[in-house]
Amino acid sequence: MACSKVYFLKLAIFQQCFLYITLVVLATNTTNTSDDNHLLITRCRSNCTYDEKCYHKCMRNYLENSAYKKYGDCPANPPSKLDTICLNTCDGLDYKCPGVEKCCAHSCGQSCQSPQNLDKVKGLPAVPVHAMVLDKGMQYRTAAVQWDMKLEPEQPSPTYYIVESRFHIGTTYTEHKMENDWQLLPLISFLQKDWGNFKRYTSEVKLKPGRWYQVRVAAINSLGTRGYSLPSKPFQLSKKT
């Protein structure tokens, strides 16, 4: 497998003198796995924080011992088109499916399908909302990625955030050209603000001029994720930057 670098944010809650102090850390990790598995990587990182022995054991259990299971239920009635062809695209292994999709059986094989009832699983972090990219004015090739998170009860493990982007080159945005694979987006700095019943997160990123970008964000803990936010509106750096 290719060696890839994963960029993510760790949100850890510590209790001290009856006060909850929020600590946000910008972290990086390098591991031998494909880019498709960064949700899996981050789930192990949340489970083990900075315990490298625990982390590597977690990855082995998931990839070698087939212990990686995603939450949610397989559809009770899979799409009828699956019944007409014999597909076996995931071998009963959830980690072979992208995003939150699970490996589910149908009448003639197994394939990756979108799970049901993810919203009923306790302990999973909420899906980030209102993801957007904002211009930073005169700062050279710099923009801000912003998203909101609904306040929830204390999670069973630290929550990490993954930010991904895709782009196309051109002076005018064209929907069908936005076909690039989603790629991990390195984050420079990080800011958190409380806004009543939700928290707002903002991070600076470096972008290239002449490109239209979209971003999406996922929140992950040791149990997994509910999935990615909706893609942001298209964004292009102003000519001033």
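Residues numbered from 1 in each chain as written. Predicted model: local features only at pLDDT ≥ 70, side-chain atom pairs only at ≥ 80, totals over all residues. Heavy atoms only, no water.

The name an unreviewed UniProt entry assigns to the protein chain is Putative adhesion-type protein, from the organism Anopheles marajoara.

Moving on, we come to the nonpolar core. By size, the foremost hydrophobic cluster in this structure holds 20 residues, and its most contacted members are W147 and L207. Formed by 11 residues, the second largest nonpolar core is a distinct cluster that contains L40, C48, Y55 and Y68. (Core = buried A, V, L, I, M, F, W, Y, C linked by side-chain atoms within 4.5 Å. Buried < 20%, exposed > 50% of the residue type's maximum accessible area, 1.4 Å probe, protein only.)

The next thing to look at is the state of the cysteines. Under the definition given, this model contains 5 disulfides. Each disulfide pairs two cysteine sulfurs, and for C44 the partner residue is C58, the sulfurs being separated by 2.0 Å. On the sign convention where negative is left-handed, the bridge of C44 and C58, at about -85° about the S-S bond, is left-handed. Of the two residues, C44 is situated in helix α1 (residues 38-48) and C58 in helix α2 (residues 52-63); the sequence distance between them amounts to 14 residues. At a sulfur-sulfur separation of 2.0 Å, the disulfide partner of C48 is C54. Across the disulfide from C48 to C54, rotation about the S-S bond amounts to roughly -60°, and the bridge is consequently left-handed. According to the relative accessible area criterion, C54 is partly exposed, its value standing at 26%. (Disulfide = S-S within 2.5 Å. Helix = DSSP H or I, 4+ residues; strand = E, 2+ residues; numbered from the N terminus.)

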